[in-house]
Amino acid sequence: MNKRVRVRFAPSPTGGLHIGGLRTALFNYLFAKKHGGDFILRIEDTDQTRFVEGAEAYIEEALEWSGIPYDEGPNKDGGYGPYRQSERKDLYKDYALELIEKGHAYYAFDTPEALQQHRLDHEAKGKTFIYNGHNRLKLDNSLSLSAQEVANKLADAKPYVIRFKTPEDSEIHVKDIVRGSVSFKTEVLDDKVLFKSDGMPTYHLANIVDDHLMKISHVIRGEEWLPSLPLHLQLYEAFGWEGPEFAHLPLIMKPTGKGKLSKRDGEKGGFPVFPLAWKESMGYREAGYMPGAVINFLALLGWNPGTEEELFELEDLVALFELERVQKSGARFDPEKTKWFNQQYLQKADNSSLLEGFKSQILLSYPDVEAALVSDISLLKIIDMVKERAVFAADLVSLSSFLFQAPDSYEEKAVKKQWKEQSPNILKDVLKLISNEKVFKGPSLEAAVKGYISDQELSFGAVMPPLRLALVGALSGPNIFDIMEVIGAPESQKRLKKIIETLA
Ligand code: GLU
């Protein structure tokens, strides 16, 4: 690549960032980092009617949390600012006027009512009203009016918009890195409004001007912008600018594979579609996902490295990412698979990184717990014991609850199946055995109990399940001897005595 790679994520602050938006940001980030380039955040807030308070802060926080911060943007000047279009609004009009001068745009004075009437008339005839070369001379604009009439209207401050003059009857060939060559016939294209009567540019004009001024080399964005591409390319041509390269990312589809993933799908299926909570919608962060897991599953929505491998840290993604490997077809979203990713990341996480969160949740749930049980050493051992079965960090608490609180009942089905006539006597023997243990450690307890089993010629099944029931209240949980070590001698003895009394 000879040009410096500069890419931008250009959201409109109209609400929380959907994970599809975060995926667009991620692909831009990966591409920039892979090529040693710049990842820019530009806030496209020219449509004041759709502006939502807090949305920009949300977008910034989402990028930060995901671990893909921008190099240049609203709060990080890189010499191409400002990065909010509302703060750049004075520069766009001159560009619109430049296009008029060059004969690529014109003033249009048609009132909203007049345009609506045209639309209705067309609809009545089963047609669609398109404002372009085939009818623009019959409409109210600077191409159909005389120079004097136009001058008068402008002098009288008649409201106007500036429209792009789409070339007639030609075909535009566009090249997209993901989609290859696509062609469009201009006769179906509208003379799009570039500059609005409220003095603001439209998305199209501001987008093109800013991409040019910010020296954007590649535009990587969602497929929904593909229909705008012919106009954007024509605008570059009209200005005489060399345009960037384009890559349009495939849509993220519903879990069923049919239709675009929406906020409603998340509500119905009970999974987040936002990285962070937004208003009443939950977020991946709040649902307990680790940022690395979210980044990993997003990366695979529409891209793959060409192997079966699925687990990638951010730096692996940077090394492997190629726009050429982005797929054309929609990427089906699988909420169950997202959990699998989190589970994988949780297993890889350092136990010490989970300690603080685990400790505060345990202290909150069990305020009266014995100090030794919540020492860092003890909690790290507990994390190690139960982590294997956890999908989310919060699961560590439920998976280890029996360590902090003795069972107050015994699972009925398990009792029926595993509590035999000889069980009380066996547990009495085990109780004696463990009471004699000087060092109350897992391995020595295990040796003692196993020695007893073979001396008495008992089966494992006669001893272990009742012992587990006594300690856990159910037949689940980690290694029994580790459990005894963690809860300690007095508590282990207490639990054995209790089951003998209760189920005798
Ligand atoms: N402001 C547009 C959006 O909200 C940006 C589209 C583009 O990247 O060109 O997605």
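Residues numbered from 1 in each chain as written. Predicted model: local features only at pLDDT ≥ 70, side-chain atom pairs only at ≥ 80, totals over all residues. Heavy atoms only, no water.

What follows covers the overall build of the protein. When helices and strands are counted, the protein shows 21 helices and eleven strands. The C-alpha radius of gyration of the protein comes to 33 Å, more than 25% above the 23 Å expected for a compact globule of 504 residues. Per-residue burial over the protein gives 49% buried out of 504 residues. In the protein, the proportion of contacts linking residues at least 24 apart, taken out of those at least 6 apart, comes to 72%. Carbon and sulfur atoms form 51% of the exposed surface of the protein, whose accessible area is close to 24500 Å². Taking the average location of the 63 positive side-chain charges in the protein and that of its 74 negative ones, the two points are 3 Å from each other. (Helix = DSSP H or I, 4+ residues; strand = E, 2+ residues; numbered from the N terminus. Rg over C-alpha atoms; globule rule 2.2 N^0.38 Å. Buried < 20%, exposed > 50% of the residue type's maximum accessible area, 1.4 Å probe, protein only. Contact = heavy atoms within 4.5 Å. Areas by Shrake-Rupley, 256 points an atom, 1.4 Å probe, with all protein chains shown as cover. Lys, Arg positive; Asp, Glu negative; His and termini not counted. Charge placed at Lys NZ, Arg CZ, Asp CG, Glu CD.)

With that settled, consider the site of the ligand. Around the ligand sit Arg8, Ala10, Pro11, Ser12, Glu44, Tyr203, Asn207, Arg221 and Trp225, and those are all the residues in its vicinity. Arginine 8 has a polar side-chain atom sitting 2.7 Å from an oxygen atom of the ligand. At 2.8 Å, a backbone N or O of alanine 10 approaches a nitrogen atom of the ligand. Burial of the ligand by the protein amounts to 84% of the accessible area it has alone, namely 290 Å². For the shell around the ligand, the class distribution of residues is four nonpolar, two polar and three charged. (Near = heavy atom within 4 Å. Polar contact = N/O pair within 3.5 Å; in protein donor to acceptor, adjacent residues only side chain to side chain. Nonpolar A, V, L, I, M, F, W, Y, C, P; charged D, E, K, R; others polar.)

With that settled, consider helix H19 (residues 460-472). Since one α-helical turn is 3.6 residues long, residues separated by three or four positions face the same way. With 13 residues, H19 should cover 18 Å at 1.5 Å per step; its first-to-last C-alpha distance of 17 Å lies within 8% of that length. Counting buried residues in H19 gives eleven out of 13 residues, a clear majority hidden from the surface. Within H19, burial applies to Ala462, Val463, Met464, Pro465, Pro466, Leu467, Arg468, Leu469, Ala470, Leu471 and Val472. Lining the buried residues of H19 we find helix H15 (401-404), helix H16 (412-418), helix H17 (423-435), helix H18 (442-455), helix H20 (480-487) and helix H21 (489-503). Positioned one or two residues after H19, glycine 473 has a phi angle of 90°, which is positive. (Expected span 1.5 Å × (residues − 1).)

Side chains bearing opposite charge may pair, as long as their charged atoms lie close to each other. Enumeration according to the criterion identifies 30 salt bridges in this entry. Note that glutamate 98 and lysine 102 form a salt bridge whose closest N and O atoms lie 2.8 Å from each other. Here glutamate 98 falls in the partly exposed class, since its relative accessible area comes to 26%. Its salt-bridge partner being lysine 254, residue aspartate 265 comes within 3.0 Å of it at the nearest N-O pair. Note that aspartate 265 is positioned in helix H8 (residues 263-269) and lysine 254 in the loop between strand E10 (252-253) and H8, a separation of eleven residues in sequence. Its relative accessible area of 9% is what places aspartate 265 among the buried residues. Overlapping salt bridges, with partners in common, bring together Arg8, Arg42, Glu44, Arg88, Asp210 and Asp211 in one network. (Salt bridge = Lys/Arg side-chain N within 4 Å of Asp/Glu carboxyl O.)

The next thing to look at is the side chain of threonine 338. Here threonine 338 lies in helix H11 (residues 335-348). Apart from the residues lying within four places of it in its own chain, the contact partners of threonine 338 are Tyr284, Tyr289, Phe297 and Phe333.

Let's shift gears to the nonpolar core. In terms of nonpolar packing, the biggest core is built from 57 residues, with Tyr284 and Phe333 touching the most fellow members. Only strand E1 (6-9), helix H1 (19-34), strand E2 (38-41), helix H2 (55-66), strand E9 (245-249), helix H9 (291-299), helix H10 (314-320) and H11 provide two or more residues apiece to this core. In terms of residue count, H1 provides more of this core than any other element does, nine residues in total. Within the second largest apolar cluster, 53 residues are counted, among which are Leu346, Ile382, Ala462 and Ala470. (Core = buried A, V, L, I, M, F, W, Y, C linked by side-chain atoms within 4.5 Å.)

This paragraph deals with the sheet that holds strand E4 (residues 161-164). Strand order in the open sheet formed by three strands is E3-E4-E7, with antiparallel pairing between adjacent strands. The open sheet terminates on both sides in strands that have one partner only, identified here as strand E3 (105-108) and strand E7 (193-195). For this sheet, the mean inter-axis angle between neighbouring strands, taken without regard to orientation, is 45°. Summarising the sheet, E4 and E7 pair through two bridges and their orientation is antiparallel. Within the sheet, the bridge partner assigned to arginine 163 lies in E7 and is valine 193. (Pairing = 2+ DSSP bridges. Axes fitted to C-alpha atoms, helices over the stretch in contact; angles between N-to-C directions.)

This next bit is on unusual backbone geometry. Put simply, glycine 81 and proline 82 share a cis peptide bond, and its omega is -5°. The phi torsion at alanine 157 lies on the positive side, around 55°, for a residue other than glycine. The topology assignment puts alanine 157 in the loop between helix H5 (147-155) and E4. Taking relative accessible area as the criterion, alanine 157 reaches 63% and is therefore assigned exposed. The backbone phi angle of glutamate 457 is positive, close to 50°, even though this residue is not glycine. Owing to a relative accessible area of 73%, glutamate 457 belongs among the exposed residues under this scheme.

Right, let's get into the packing of helix H6 (residues 203-213) against helix H7 (residues 229-239). Between two packed helices, what matters for the description is the angle formed by their axes and the separation of those axes. Interaxial distance between H6 and H7 falls to 10 Å at its minimum, and their mutual angle equals 55°. As summarised for this structure, H6 and H7 are arranged oblique, according to the angle between their axes. The handedness of the crossing between H6 and H7 is right-handed. Along its contact with H6, which presents Tyr203, His204, Leu205, Asn207, Ile208, Asp211 and His212, the element H7 presents Leu231, His232, Leu235, Tyr236 and Phe239. Taken together, the residues that form the contact of H6 with H7 break down as seven nonpolar, four polar and one charged. (Parallel < 35°, antiparallel > 145°, perpendicular 65-115°, else oblique. Left-handed = near helix turned anticlockwise from the far one by under 90°.)

Moving on to the pairing of E2. Two faces, one strand: in a regular strand the side chains alternate between the faces of the sheet. Along E2, one buried face is formed by Asp38 and Ile40 and the opposite face, lined by Phe39 and Leu41, is buried too. Two elements, E1 and E2, share four bridges in a ladder whose sense is parallel. Residue pairing for E2: arginine 8 is matched across the bridge by isoleucine 40. Between the parallel elements E1 and E2, the chain passes through H1 in a crossover that is right-handed. (Right-handed = clockwise from strand over helix to strand, strands pointing away.)

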